[in-house]
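Take a look at the letters that make up each chain.
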Amino acid sequence: MTFSPQELMQMAVAEGEKARMHAPPNPWVGALIVNGDGVIVAEGHTQAPGESHAEIEALRRAGERARGATMIVTIEPCCHVGRTGPCVDAIVEAGVSRVLIGTLDADSRVSGRGVSLLKSSGVDVEVGVEESLVRAQLAPYLWHRVTGRPYVVLKIASTLDGVVAMADGSSQWITGDDARRDAHVLRAQSQAILVGAGTVRADNPALTARLGDIILEPLRVVLGQVAPDARVRPCLERSGDLGAVLDELGQHDVLQLLVEGGPRTASEFVEQGLVNHVVWYQAPAFGGSLGTAGALKELATPTIGALRRGRVVDVQRIGEDIRIDVEV
């Protein structure tokens, strides 16, 4: 069976997803090697920092079958010496004749240079195969490379009418087990989780990512100060300008920051235009407005012209709840 370049890149994206939780601060890249008959002879994805990149993994598995073959890779191969050697050199040395690339690397050390070096070595290169799909997958990495700040994902779990806490302050649990498990995957994909001190006082969360028997501990960030025995510790306690907080986290190689609230913190991030993506879990329940807390209760919108709009990129049913993904 012969696959189109688009189908091959979709497979490379799926391969790259295997590296989503362990690759950062490197991008979670996928690579395939296809021989002249259109047969996929090897696959590879980015390993942990300091270990091999996706291209090297695929070349290692392909061996001599890489000579004269085509490589499909989600992002431009690196051409500089970091923790590992340049992937461009390895591709040329392996005798790969053609490389299909999803998108250019936004890292200033690469950013087109990898493509130029491949071409100057006689490799046929095509850039932009399924580019929108690749850029969506690697959005946190690309955003960090361009801005120096983490890509901010705001996560909200509410009733259908946007209530996150009842009149007595209780909020656990609005959504069901399946949605909460999905949210832990979102935590595991993030290098840091941020909440306000009020959320810590109300819920005393640990802010860990629990994936079955595996417990991951992203960097915990609290806006304000919390008690010495709070479960969220050890954590960074910060106050003041949110932009400065993001700058600091970016310097800590946080590619994706998950903001989990509460309402005041969520409202501040939206108000200041600092959110890139919203993941909103909605339960088939209604809280009403009398005495309850809305997810964005401190966000003011004086006119219809000031309404903040986003773009729905995905809607999923998760158990009895709904997950809505919005780019903003």
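First, a word on what this report is: a plain description of the structure on this page. (Residues numbered from 1 in each chain as written. Predicted model: local features only at pLDDT ≥ 70, side-chain atom pairs only at ≥ 80, totals over all residues. Heavy atoms only, no water.)

**Looking at the overall build of the protein chain**
Operational definition: In DSSP terms, a helix is any run of H or I states spanning at least four residues, a strand is any run of E spanning at least two, and both are numbered starting from the N terminus. Values of the radius of gyration come from C-alpha atoms, whereas the globule rule sets the reference at 2.2 Å times the count of residues to the power 0.38. Remark: exposure states derive from per-residue accessible area (1.4 Å probe, protein chains only) relative to the maximum for the residue type, with buried under 20%, exposed over 50%, and partly exposed in between. All accessibility values rest on the Shrake-Rupley procedure with a 1.4 Å probe; residue burial counts only the protein chains present in the view.
On a plain count of helices and strands, the protein chain comes out with 10 helices and 17 strands. The C-alpha atoms of the protein chain give a radius of gyration of 22 Å, which matches the 20 Å a tight globule of 328 residues would have. For the protein chain, the residues scored as buried account for 51% of the 328 residues in total. Working note: accessible area of the protein chain is about 15,400 Å², and carbon and sulfur atoms make up 50% of it.

**Quick word on the pattern of salt bridges**
A side chain of one charge can pair with a side chain of the opposite charge when the charged atoms of the two come close. Let me state the cut-off plainly: The term salt bridge refers to a pairing of a side-chain nitrogen on Lys or Arg with a carboxyl oxygen on Asp or Glu at a separation within 4 Å.
Following the criterion strictly, the structure yields 22 salt bridges and no others. Between E217 and R220 there is a salt bridge whose closest N-O contact spans 3.2 Å. For E217, a relative accessible area of 57% gives the class exposed. As a salt-bridge pair, E271 and R308 come within 3.1 Å of each other at their nearest N and O atoms.

**Examining helix α7 (residues 177-188)**
In an α-helix, one full turn covers 3.6 residues, which means residues spaced three or four apart are oriented alike. Note the cut-off: A helix is expected to span 1.5 Å multiplied by its residue count minus one.
A rise of 1.5 Å per residue sets the reference length of α7, with its 12 residues, at 16 Å; its end C-alpha atoms lie 17 Å apart and thus fit the reference within 8%. For α7, the set of buried residues is A179, D182, A183, H184, L186, R187 and A188.

**A word on the side chain of E57**
Going by this rule: Identification of polar contacts relies on pairs of N or O atoms within 3.5 Å, with a donor-acceptor requirement for protein atoms, meaning one able to donate a hydrogen and the other able to accept it, and with residues adjacent in sequence counted only if both atoms are side-chain atoms. Only heavy atoms enter the contact rule, under which two residues are in contact if any of them lie within 4.5 Å.
Checked against the element boundaries, E57 lands in helix α2 (residues 54-62). On the basis of relative accessibility, which here comes to 7%, the residue E57 falls in the buried class. A distance of 3.1 Å separates the side chain of E57 from the side chain of R60, its partner in a polar contact. Every residue in contact with E57, bar those within four places of it in the chain, is listed here: E43, G44, H45, Q47 and S52.

**Regarding a nonpolar patch on the surface**
Put simply, the rule is: For patch building, the residue pool is restricted to those with more than 30% relative accessible area and no salt bridge; the joining distance is 9 Å between like charges and 5 Å between nonpolar side chains (Val, Leu, Ile, Met, Phe, Trp, Tyr).
The grouping of M21, I214 and L216 at the surface amounts to a nonpolar patch, some 240 Å² of accessible area in total. Along the polypeptide, I214 turns up in strand β10 (residues 214-216).

**Re the environment of R149**
The residue R149 is located in the loop between α6 (139-147) and β6 (151-159) in this model. Overall, R149 belongs to the partly exposed group, its relative accessible area being 24%. R149 sits 47 residues away from G196 along the chain, and the two C-alpha atoms are 19 Å apart. If sequence neighbours within four positions are ignored, R149 has contacts with W143, H144, G243, L246, D247, G250 and L274. Looking at R149, its side chain comes within polar contact range of the side chain of D247, at 2.8 Å.

**Some words on the packing of aromatic side chains**
Our working definition: Any Phe, Tyr or Trp ring, taking Trp's six-membered ring, that has another such ring centre within 6.5 Å forms a pair; planes under 30 degrees apart are called stacked, those over 60 apart edge-to-face, and the others tilted. Over a ring means this: the NZ of a Lys or the CZ of an Arg is within 6 Å of the ring centre and within 35 degrees of the ring normal.
For the coordinates displayed, the defined rule picks out 0 aromatic pairs. Directly above the aromatic system of W28 lies the positively charged group of R20, at a separation of 4.1 Å from the ring centroid.

**Quick notes on the sheet that holds strand β12 (residues 236-238)**
Selection rule: Being paired, for any two strands, means DSSP has found at least two bridges between them. Think of each axis as a best-fit line through the C-alpha atoms, taken over the contacting stretch in the case of a helix, with angles from 0 to 180 degrees between the N-to-C directions.
Strand order in this open sheet of 8 strands is β12-β11-β8-β13-β6-β14-β17-β16, and the pairing throughout is mixed. The open sheet has two edge strands with one neighbour each: β12 and β16 (311-318). Neighbour-to-neighbour, the strand axes of this sheet turn through a mean angle of 20°, independent of strand direction. With 4 bridges joining them, strand β8 (residues 192-196) and strand β13 (residues 256-261) adopt parallel strand pairing. Counted as the bridge partner of I193 is L258 from β13. This element, helix α9 (residues 242-251), spans β6, β8, β11 (219-223), β12 and β13 of the sheet and lies at about 155° to β12.

**Points about unusual backbone geometry**
The phi angle of most residues is negative, glycine excepted, and most peptide bonds adopt the trans form. Going from P24 to P25, the amide bond is cis rather than trans, its omega being 10°. Assignment of secondary structure puts P25 in the loop between α1 (5-17) and β1 (30-34). The omega angle of the peptide bond from R233 to P234 is 0°, so this bond is cis rather than trans. Look at S111: it is not a glycine, yet its phi comes out positive at around 40°. Relative to the assigned elements, S111 resides in the loop between β4 (98-103) and α4 (113-120). Positioned with a positive phi, N204 is a non-glycine residue whose angle comes to about 50°. Mapping N204 onto the fold places it in the loop between α8 (197-203) and β9 (209-211).

**Examining the side chain of Q256**
Among the structural elements, Q256 can be located in strand β13. A polar atom in the side chain of Q256 sits 2.9 Å from the side chain of R20. Contact partners of Q256, with chain neighbours within four places excluded, come to R20, P140, P150, Y151, V153, L186, Q189, S190, Q191 and A192.

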